Amino acid sequence: MSAPPTPPADEVPAVPAAADEPARLPTQPSLRRLRAFGIRPKRDLGQNFLVDSNILGVIDRAAELTAADVVLEIGGGLGVLSEHLAPRCAHVHVVEIDRALVPALEDALAPHPNTTLHMADAMALDLRVLDPPPTKVVANLPYGIAATAILRTIEELSGVTRWVAMVQREVGERLAATAGTAAYGVPSVLAQLACDVRVHRAIARTVFHPVPNVDSVLVVLERRGPAPPPELRAFVQAAFAHRRKALPRSLALSPQFGPGLRDRAREALVTLGHPADARAERLAPTELRALWEALR
């Protein structure tokens, strides 16, 4: 006898029902809302919904929420994280781009008057006008915008002191990478100039529906200073623009800095204790800032 066909990856498993009763909805909130509102995850939006409620406690403990905190959640999804956070803080701003999820989110947020739903693209929304202003970012971030969203909130939300985000493993490792490693680059430097960054723990693929094809981690950032100014961000990007070239050469190839900076950069590197032809990846974030200050 042939095996039964495998259901599509985005199909919600049915809940068995007795012969004399209608099919029951799942008790887990995400699975229940998927079925109740006929929602199918959209792969082009990177939708992988949390369906294991046990992970919610891990997230909120890592966030160290207080009754005064205002949380920004980017990618509200089916609201399972939103409704978990709401009783534990003063306010939750939930940002979601997919209007098909509005019924599920309204179902989750209705019992919590201290929540605001923003139907918008998080990368276009003016975060500075959120009221009350966020103090923490806690989110299961869509894979496609994870690093950009974290760096943008570091820059634009000076009142945020802590980030706890579910991200693709490579993104988390890149943000936390140290100088001299393959993962170290512009995101590492920009994040670490403002924050202490660490990968908190690995996350099993099975906590998501549909199950993603990549591994995830929970990454934690704790602010210890302001975001780097635009001039320093541009300097870091130019320094890493040509990873195989020496840092002074990479700067010289940048239209913003030009060849005139090459000899000065070589001299400054030696003064800082590095070879004149060191690559950007060899310098820690604080050393790159020191080099930028020396060349200003």
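Before going further, it helps to spend a moment on the overall build of the chain. Scanning the chain for helices and strands turns up 11 helices and 9 strands. Dimensions along the principal axes, computed over C-alpha positions, put the chain at roughly 85 × 55 × 30 Å. In the chain, which comprises 296 residues, the share counted as buried stands at 51%. Accessible surface, the chain as shown: approximately 14,100 Å² in total, 52% of it carbon and sulfur. For the chain, the distance from the average position of its 33 positive side-chain charges to the average position of its 32 negative side-chain charges is 6 Å.

Now for the confidence of the model for the chain. Per-residue confidence for the chain averages 92 on the pLDDT scale, and 92% of its residues sit at or above 70. Between residues 1-10, whose pLDDT stays under 50, and residues either more than four places distant or in other chains, the model counts 8 contacts. Considering only residues more than four positions removed or in separate chains, one finds that residues 14-22, a stretch of pLDDT under 50, has 10 contacts.

Attention now goes to the packing of aromatic side chains. Aromatic rings in a pair are described by how distant their centres are and how their planes are angled relative to each other. Applying the stated rule across the entire model yields 2 aromatic pairs. For the ring pair Tyr184 and Phe240, a centre distance of 5.9 Å and an interplane angle of 70 degrees mean the geometry is edge-to-face. Here the residue Tyr184 occupies a position in the loop between α6 (169-176) and α7 (186-194), and Phe240 occupies one in the loop between α8 (230-239) and α9 (247-252), the gap between them amounting to 56 residues. Neither residue differs from the other here; Tyr184 and Phe240 are each classed as buried. Ring centres of Phe235 and Phe257 lie 5.9 Å apart, and the angle between their planes is 90 degrees; on these two criteria the pair is classed as edge-to-face. Taken together, the residues Phe235 in helix α8 and Phe257 in the loop between α9 and α10 (262-271) connect sequence positions 22 residues apart.

The next thing to look at is the packing of α10 against helix α11 (residues 285-295). Where α10 meets α11, the closest approach of the two axes is 10 Å, and the angle between their N-to-C directions is 130 degrees. Considering the angle they form, α10 stands oblique to α11. Between α10 and α11 lies a crossing whose hand is right-handed. Contacts from Arg264, Ala265, Ala268 and Leu269 of α10 reach α11 at Leu291, Ala294 and Leu295. Here the residues of the contact of α10 with α11 are counted per class, giving 6 nonpolar, no polar and 1 charged.

With that out of the way, let us pick up the nonpolar core. Counting 35 residues, the largest nonpolar core has Leu50, Ile55, Ile59, Met166 and Leu218 as its most contacted members. Contributions of two or more residues to this core are made by α1 (29-36), β1 (49-50), α2 (54-63), α3 (80-85), β3 (91-96), α4 (102-109), β6 (162-168) and β9 (216-223). With 6 residues, α2 is the largest single contributor of residues to this core. Not counting residues within four places of it along the chain, the set of residues in contact with Ile55 comprises Leu50, Met166, Arg201 and Ile203. By size, the runner-up hydrophobic cluster in this structure holds 30 residues, among which are Val95, Leu175, Ala194 and Val219.

Moving on: α1. Residues of α1 that are buried include every one of Pro29, Ser30, Leu31, Arg33 and Leu34, and no others. Looking at the buried residues of α1, the elements they touch are β1, α3, α4 and β8 (208-209).

Below, the discussion takes up the packing of α8 against α11. α11 packs onto α8 with a crossing angle of 110 degrees between their chain directions and a minimal axis gap of 10 Å. What the angle tells us is that α8 and α11 run roughly perpendicular. Every residue of α11 that contacts α8 at Glu231, Leu232 and Phe235 is listed here: Leu288, Arg289, Leu291, Trp292 and Leu295. The class makeup of the residues in the contact of α8 with α11 is 6 nonpolar, no polar and 2 charged.

Rules used throughout
Residues numbered from 1 in each chain as written. Predicted model: local features only at pLDDT ≥ 70, side-chain atom pairs only at ≥ 80, totals over all residues. Heavy atoms only, no water. Helix = DSSP H or I, 4+ residues; strand = E, 2+ residues; numbered from the N terminus. Buried < 20%, exposed > 50% of the residue type's maximum accessible area, 1.4 Å probe, protein only. Areas by Shrake-Rupley, 256 points an atom, 1.4 Å probe, with all protein chains shown as cover. Lys, Arg positive; Asp, Glu negative; His and termini not counted. Charge placed at Lys NZ, Arg CZ, Asp CG, Glu CD. pLDDT = per-residue confidence, 0-100. Contact = heavy atoms within 4.5 Å. Phe/Tyr/Trp six-rings, centres within 6.5 Å; stacked < 30°, edge-to-face > 60°. Axes fitted to C-alpha atoms, helices over the stretch in contact; angles between N-to-C directions. Parallel < 35°, antiparallel > 145°, perpendicular 65-115°, else oblique. Left-handed = near helix turned anticlockwise from the far one by under 90°. Nonpolar A, V, L, I, M, F, W, Y, C, P; charged D, E, K, R; others polar. Core = buried A, V, L, I, M, F, W, Y, C linked by side-chain atoms within 4.5 Å.

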